[in-house]
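# What the coordinates show
Next come the chains, spelled out residue by residue.
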Number of protein chains: 2
Amino acid sequence: MTDVIARAVRVARGQEPADLLIRGARVVDVLTQQIRPADVAIVGDRIVAVAPGLADGREMIEAAGRYVAPGFIDAHVHIESSMVAPGRFADAVLPHGTTTVVSDPHEIANVLGVDGIRWMLAASEGLDLSVLMMAPACVPASPLETAGARLESSDLMALAAHPRVLGLAEMMNYPGVLAGDAVELAKLMSFSGRPIDGHAPGVLGADLQAYLAAGVVSDHECLTAAEAREKVAGGMMVFLREATNARNLLDVLPAVTPENAGRFAFCTDDRVPGELLDDGSIDALVRIAIGAGLDPLLALTLATRNPAEHYGLRDRGAIAPGRRADLVLFEDLADVRPSLVIAGGRVVARDGERVGGGEAAPGGLAPTMDVAWRDSLQLRRDGDRVRAIGLIEDQLITTSEVVALKSAPADVAAPEPGADLLRLSVIERHHHTGNVGQGFVTGFGLRAGALASSVAHDSHNIVVAAADDGDALIAARAAAELGGGLVVAAGGEVRATVALPLAGLLADRPPREVADDLARAEAVAAELGCRLGAPFMALSFLALPVIPSLKLTDHGLVDVDAFALTDVFV
Amino acid sequence: MTDVIARAVRVARGQEPADLLIRGARVVDVLTQQIRPADVAIVGDRIVAVAPGLADGREMIEAAGRYVAPGFIDAHVHIESSMVAPGRFADAVLPHGTTTVVSDPHEIANVLGVDGIRWMLAASEGLDLSVLMMAPACVPASPLETAGARLESSDLMALAAHPRVLGLAEMMNYPGVLAGDAVELAKLMSFSGRPIDGHAPGVLGADLQAYLAAGVVSDHECLTAAEAREKVAGGMMVFLREATNARNLLDVLPAVTPENAGRFAFCTDDRVPGELLDDGSIDALVRIAIGAGLDPLLALTLATRNPAEHYGLRDRGAIAPGRRADLVLFEDLADVRPSLVIAGGRVVARDGERVGGGEAAPGGLAPTMDVAWRDSLQLRRDGDRVRAIGLIEDQLITTSEVVALKSAPADVAAPEPGADLLRLSVIERHHHTGNVGQGFVTGFGLRAGALASSVAHDSHNIVVAAADDGDALIAARAAAELGGGLVVAAGGEVRATVALPLAGLLADRPPREVADDLARAEAVAAELGCRLGAPFMALSFLALPVIPSLKLTDHGLVDVDAFALTDVFV
């Protein structure tokens, strides 16, 4: 094994050719904030020299004046939101220059517990993409829902011993932490000295101090620059997020200054496959930030060095001898579009196309659809005014609206698509409990039919938004029959599907195929009147009772601010 | 144990008084480079809130507008150079605001091996000062000397498991690394993913790239700003050093810019006890840097956050909830002199005086003086010109001079104090080998007598610089009879001593007593004509064959550039 280092030393001293030599690059030095002309010599998976005029390599890449930056690092992502298995996810993000992700397998953990996480670890072993993980902190996310599994502190400690598990993932139960809940505090204490990610939208003042005092060190839920400034002043790393359904980057970016820039990183959190493929991964955030006026060198530092330092990834985040050869070549600092991506010393993408990849995921996941079906999803009418979830496009937070039903009194509180008031149901799908949570949602614009999804943060029961109660049941049952997935039904029949048979969350197919399926389903939804750009992403967050203000679980309607169930009829 | 966190949360939320509240401070926020008015609430050893207008504490400190900065961190220090045991060293540095040291027990390791390191760990356990350690990489420092012990890779790995051992200490054998020496590369590989400190004075260009490629990540041996710039551009952390015998700070400081400042930290490396007490520890470097024009906020960042981040010390380096309550209060940004020092939530020094301390060191160290004495230290004359070590005050490097002897040919090559040409001897003291290395040195100015020391980097044999061969033997024997120490002899008798009976390196006495003894010995040396400010420190580095250009070990004269023995007579 010292042979590799010995060879690295000889190559660096010019005594042997490198395995790979990148010649004539403009090296983006995120450590000193400079760009300088240099060649980059690589041996195995490591950089061994960065200097002008290096000797030959067995393989040569002519950079021809292109910039070369360290591979991008996604500071916080749920791979499950890509709807594809980790190897397929890698195929989507590597062409965009993301060579390392710090992922939280929170979704599959809610469905399959430790078995699900172990499967994600197995499915991400040995990929060209470095998949690092955080141990999911909150499974289930709250006591107000039925998840597929529960993770105890002992489970988390067992996971913590895995070499690719860095720390504790987002501690979403900030009310529990602030209330001194011993279970949550024990989890934090177990990860003392390791990174503990936070999740505290709008938590400021004394509550923020308390949340930090408990051991949390980062946050990716800032909604405003002022919130980010306070969190950074409190000692937090703030991850600037641009997710499919939570676009906060431009709102928060003004908080970044040259003096505090070291305290920020980028994350995608949740991105659907089509967006990953076409808009991008961390490269998209780099472009947005630079477009908004952030110094390109700082933007690239937020994408590389900062998350590496935050997570203690000493072997990456900069272009320097001894670090991993994770490199991104591109032409234009004002419009960073990777034309060549190297991970672990190998070319893994060229001109936006993956080189290699396409590996199938391992087997071994149990089926996860176990629903005690009812005959109907109709809701008994119990008044004339309902508390409805007010969906805000591209945000995870919702409003809580009180809406007067327009229809004449009846036995059933039917959807009122004319008033953009859809019926929302959450059907428990893990333990055959027969639980169905019932409510209303505004903001979809759907005029007919129903959308169903087995992706429904965080417990991933089946969530259905419907302009028609009959189509609701058809869509939900079709989703279950796929082993999980997304379904559009209308007029009594299934109109579009995205099969996600792995845990009801993922497909083991090329991301483009899944993106195309999703695009077709979205197009059908649009034909039915839906006006959201990503209706299934929006749908999937309506069951998440840890983000304000009103959500629906299989237990019923949740007033998140009060962290308690509430009634549909006011 | 979650009780402590629960209480931290309650205090942060204002529901309970803090254990200690610092009120009305100007908080130095090294994360955002701002100074802002705030109170600091402490529970146990942790900061739990930093905000204006906090509620009461059980104990209150009125900052009254003083600045409060994070406790200083010494990025690289050999505690042994203080000549006192770790607890006594803490008494010296805590009043100067240094609350954490990353120490390399390299000296005691060269005398007593793993037993010596284990003793240092025991002697630094539970101190108010956080004593972290690096595993000594090069024991012995070279094959060209006889050390008391040898550390193998297996010893290092055993040490690496200790919770206070962070990584591998300075890899001084850079020639070995560059030559691909499998033993040295194996040590580097064993610490892959952990901090590996470097030691590469003047190593630049392809050799620097190779040294970095092998896994080294820091250096504290830069002599010039240009050298530091190249090392930082190569990805190194550069520790700016101001040691008693190596004052490089002002030469290297111009390399620090706001853009690259994150890549620098401060270290003292080797400071004698009097300098620690009177000039200071890291605070002295902060004052020098600010005096030379470095932005005070950046200077304080180099003293706190940067070394914390470099070593992965997540729990310190900034004033923020959840971090250790290691705090330094001072009045003036232009002249940082700690007036109150808090470590782990307790006041440990006030107005330059230690509060508490004075703990005795544990026993258990074996005696270490085992010399096979010769009748005389005279050197047989074998020519008219000698290769003499040219001492450079305040530098570890020496020149190699060829000097024509002035005296008439004779059997013995005697010292020629009139020409400032002293005789230098190194007497093996660990294994009764009888080895004596013989040579000459210029630059002391000693006109009569001899200086002997059992502190002699790195093997810590007895080194003697003499204007008289008879006094040389008297001084050396006296040092051995003390169990180790420093001696001045002249006119056939012992004139001054500093007893260092612990491994021949340390005393378990208050640092002031040892400093006074040393000052007396230095005064006697000065009376004898010595013109060096710290003659024993200078003497102690003349046997270190890993720093250019000419050194003397018990094996003989070493041409460091050639890494080989050479002849005294040219």
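Structure: see above.
The text that follows walks through the structure, step by step, so that each part is easy to find. (Residues numbered from 1 in each chain as written. Chains lettered and ligands numbered in written order. Predicted model: local features only at pLDDT ≥ 70, side-chain atom pairs only at ≥ 80, totals over all residues. Heavy atoms only, no water.)

## Details of the packing of helix H4 (residues 153–160) of chain B against helix H6 (residues 182–190) of chain B
Residues and elements named next belong to chain B. This is how the line gets drawn: Between the N-to-C directions of two axes lies an angle of 0 to 180 degrees, each axis being a line fitted to C-alpha atoms and, for a helix, fitted only over the stretch in contact. To qualify as a helix, a DSSP run of H or I must reach at least 4 residues; to qualify as a strand, a run of E must reach at least 2; elements of each kind are numbered from the N terminus. Under this scheme an angle from 65 to 115 degrees is roughly perpendicular, one under 35 degrees roughly parallel, and one over 145 degrees roughly antiparallel; angles in between are oblique. Two helices cross in a left-handed way if the nearer one is turned anticlockwise from the farther one by less than a right angle. They cross in a right-handed way if the turn is clockwise. Contacts are assigned to residue pairs with any non-hydrogen atoms lying within 4.5 Å of each other.
Running from N to C, H4 and H6 cross one another at 15°; their axes reach a closest spacing of 10 Å. With respect to their mutual orientation, H4 and H6 come out roughly parallel. Our pair here, H4 against H6, has a crossing hand that is right-handed. Residues Ser-153, Leu-156 and Met-157 of H4 lie in contact with H6, whose contacting residues are Val-183, Ala-186, Lys-187 and Ser-190.

## Here's the deal with the relation of the copies chain B and chain A
Using the following cut-off: Each copy is superposed on the other by least squares, with the fit set by C-alpha atoms of residues at a pLDDT of at least 70 in both.
Of the transformation superimposing chain B on chain A, the axial component is 0.0 Å and the angular component is 180°, with the fit at an RMSD of 0.1 Å. Both copies of the chain, as the preceding transformation shows, are related through a two-fold rotation axis. Among all residues of chain B, the minimum C-alpha distance to the rotation axis is found for B:Gly312, at 3.3 Å. Here 100% of the contact residues of chain B are again contact residues in chain A; the copies associate through an equivalent surface.

## Focus on a negative patch on the surface
Residue and element names in this part refer to chain A. The following threshold applies: Like charges within 9 Å and nonpolar side chains (Val, Leu, Ile, Met, Phe, Trp, Tyr) within 5 Å are joined into patches, using only residues over 30% in relative accessible area that form no salt bridge. Surface accessibility follows the Shrake-Rupley procedure with a 1.4 Å probe radius. Residue values consider only the protein chains on display as shielding. Note on definitions: salt bridges are taken to be side-chain nitrogens of Lys or Arg within 4 Å of carboxyl oxygens of Asp or Glu. The charge count treats Lys and Arg as positive and Asp and Glu as negative. His and the chain ends do not count. We put the charge of a Lys on NZ, of an Arg on CZ, of an Asp on CG and of a Glu on CD. We call a residue buried when its accessible area falls under 20% of the maximum for its residue type, exposed when it is over 50%, and partly exposed in between, using a 1.4 Å probe and counting protein chains only.
A cluster of acidic residues, Glu-331, Asp-332, Asp-351 and Glu-353, forms a negative patch at the surface. With respect to the secondary-structure elements, Asp-351 resides in the loop between strand S17 (346–350) and strand S18 (353–354). Owing to a relative accessible area of 59%, Asp-351 belongs among the exposed residues under this scheme.

## A short note on the sheet that holds strand S26 (residues 493–499) of chain A
Backbone-to-backbone hydrogen bonds join strands into a sheet, with any given pair of strands oriented parallel or antiparallel. Residue and element names in this part refer to chain A. To keep things clear, this is the line we draw: Strand pairing requires that DSSP identify at least two bridges connecting the strands.
An order of S20-S19-S22-S21-S24-S23-S25-S26 is seen for the eight strands of this open sheet, with the pairing classed as mixed. Lying at the two open borders of the sheet, with one neighbouring strand each, are strand S20 (398–404) and S26. Recorded for the sheet is a direction-independent mean angle of 25° between the axes of neighbouring strands. Bridging between strand S21 (residues 421–427) and strand S22 (residues 436–442) involves seven bridges; their strand directions are antiparallel. Bridged to Ile-427 within S22 is Val-436. Packed on one face of the sheet, helix H15 (residues 511–527) meets strand S23 (450–453), strand S25 (485–490) and S26 and runs near 150° to S26.

## Quick word on the interface of chain B and chain A
Rules: By buried area we mean how much accessible surface two parts lose on assembly, using a 1.4 Å probe and totalling the loss over both. Residues adjacent in sequence count toward polar contacts only when both atoms are side-chain atoms; beyond that, a polar contact is any pair of N or O atoms within 3.5 Å, and within protein one must be able to donate a hydrogen and the other to accept it. Following the grouping adopted for this structure description, the nonpolar residues are Ala, Val, Leu, Ile, Met, Phe, Trp, Tyr, Cys and Pro, the charged ones are Asp, Glu, Lys and Arg, and the polar ones are all others, Gly among them.
Taken residue by residue, the interface counts 51 residues in chain B and 51 residues in chain A. In total, about 4,000 Å² of surface goes out of reach between chain B and chain A, with carbon and sulfur atoms giving 60% of it. If you sort the residues of chain B by the area they bury against chain A, B:Arg13, B:Gln209 and B:Arg314 come out on top, with a joint share of 16%. Applying the counting criterion to the chain B and chain A interface returns four salt bridges. If you look at where chain B meets chain A, you find ten residue pairs in polar contact (both at pLDDT 80 or more). Among the elements of the structure, helix H1 (2–12), strand S3 (46–51), helix H5 (174–178), H6, helix H7 (205–213), helix H8 (225–233) and helix H13 (305–310) of chain B are those that each provide at least two residues to the side of chain B that touches chain A. Grouping the amino acids of the side of chain B that touches chain A by side-chain chemistry returns 28 nonpolar, twelve polar and eleven charged.

## A closer look at the packing of helix H7 (residues 205–213) of chain A against H1(B)
Two elements in contact, H7(A) and H1(B), have axes separated by 8 Å at closest approach and are oriented at 160°. With respect to their mutual orientation, H7(A) and H1(B) come out roughly antiparallel. H1(B) is crossed by H7(A), and the crossing has right-handed handedness. Only B:Ala8, B:Val9 and B:Ala12 of H1(B) make contact with H7(A), whose side of the interface consists of A:Ala206, A:Gln209, A:Ala210 and A:Ala213. Residue composition of the contact of H7(A) with H1(B), grouped by class: six nonpolar, one polar and no charged.

## Brief notes about the pairing of strand S16 (residues 338–343) of chain B
All names here are of chain B. Burial analysis of S16 places six of its six residues in the buried class, which makes it a mostly covered element. Bridging between strand S15 (residues 327–330) and S16 involves four bridges; their strand directions are antiparallel. From the neighbouring strand, Leu-329 faces S16, where its bridge partner is Leu-340. Between S16 and strand S17 (residues 346–350), which follow one another and run antiparallel, lie two residues, and Gly-344 among them has a positive phi close to 55°.

## Focus on the packing of aromatic side chains
Residues and elements named next belong to chain B. For clarity, the threshold we go by: Ring pairs shown here join Phe, Tyr and Trp side chains whose ring centres sit within 6.5 Å, with only the six-membered ring taken for Trp; geometry is labelled stacked below 30 degrees between planes, edge-to-face above 60, and tilted in between. Whether a charge lies above a ring is judged from NZ of Lys or CZ of Arg, which has to be within 6 Å of the ring centre and within 35 degrees of the ring normal.
As enumerated under the stated definition, the model contains five aromatic pairs over all chains in all. Seen in terms of ring centroids, Tyr-67 and Phe-330 are 5.5 Å apart; in terms of plane orientation they differ by 20°. Their pairing is stacked. Of the two residues, Tyr-67 is situated in strand S5 (residues 67–70) and Phe-330 in strand S15; the sequence distance between them amounts to 263 residues. This pair shows no difference in class: Tyr-67 is buried, exactly as Phe-330 is. The cationic tip of Arg-26 hangs over the ring face of Tyr-67; the distance from NZ or CZ to the ring centre is 4.2 Å. Stacked on the ring of Phe-440, the Lys or Arg Arg-423 has its end atom at 5.8 Å from the ring centre.

## Brief notes about the pairing of strand S12 (residues 237–243) of chain B
Residues and elements named next belong to chain B. Most of S12 sits out of view: seven of its seven residues are buried. Here S12 shows a buried face lined by Met-237, Phe-239, Arg-241 and Ala-243 and a second buried face lined by Val-238, Leu-240 and Glu-242. The pairing of strand S11 (residues 218–219) with S12 spans two bridges and is parallel. Pairing of Ser-218 across the sheet is with Met-237, part of S12.

## Some remarks on the pattern of salt bridges
Enumeration according to the criterion identifies 76 salt bridges over all chains in this entry. For A:Arg13, the salt bridge is made with B:Asp207, and the minimal N-O distance between the two is 2.8 Å. Of this pair, A:Arg13 sits in the loop between helix H1 (2–12) and strand S1 (18–29) while B:Asp207 is found in helix H7, placing the two residues in two different chains. A salt bridge links B:Arg7 to B:Asp19, with the nearest nitrogen and oxygen atoms 2.3 Å apart. One end of the pair, B:Arg7, is in helix H1; the other, B:Asp19, is in strand S1 (residues 18–29), with twelve residues separating them in the sequence.

Purely geometric numbers; function is a separate question.
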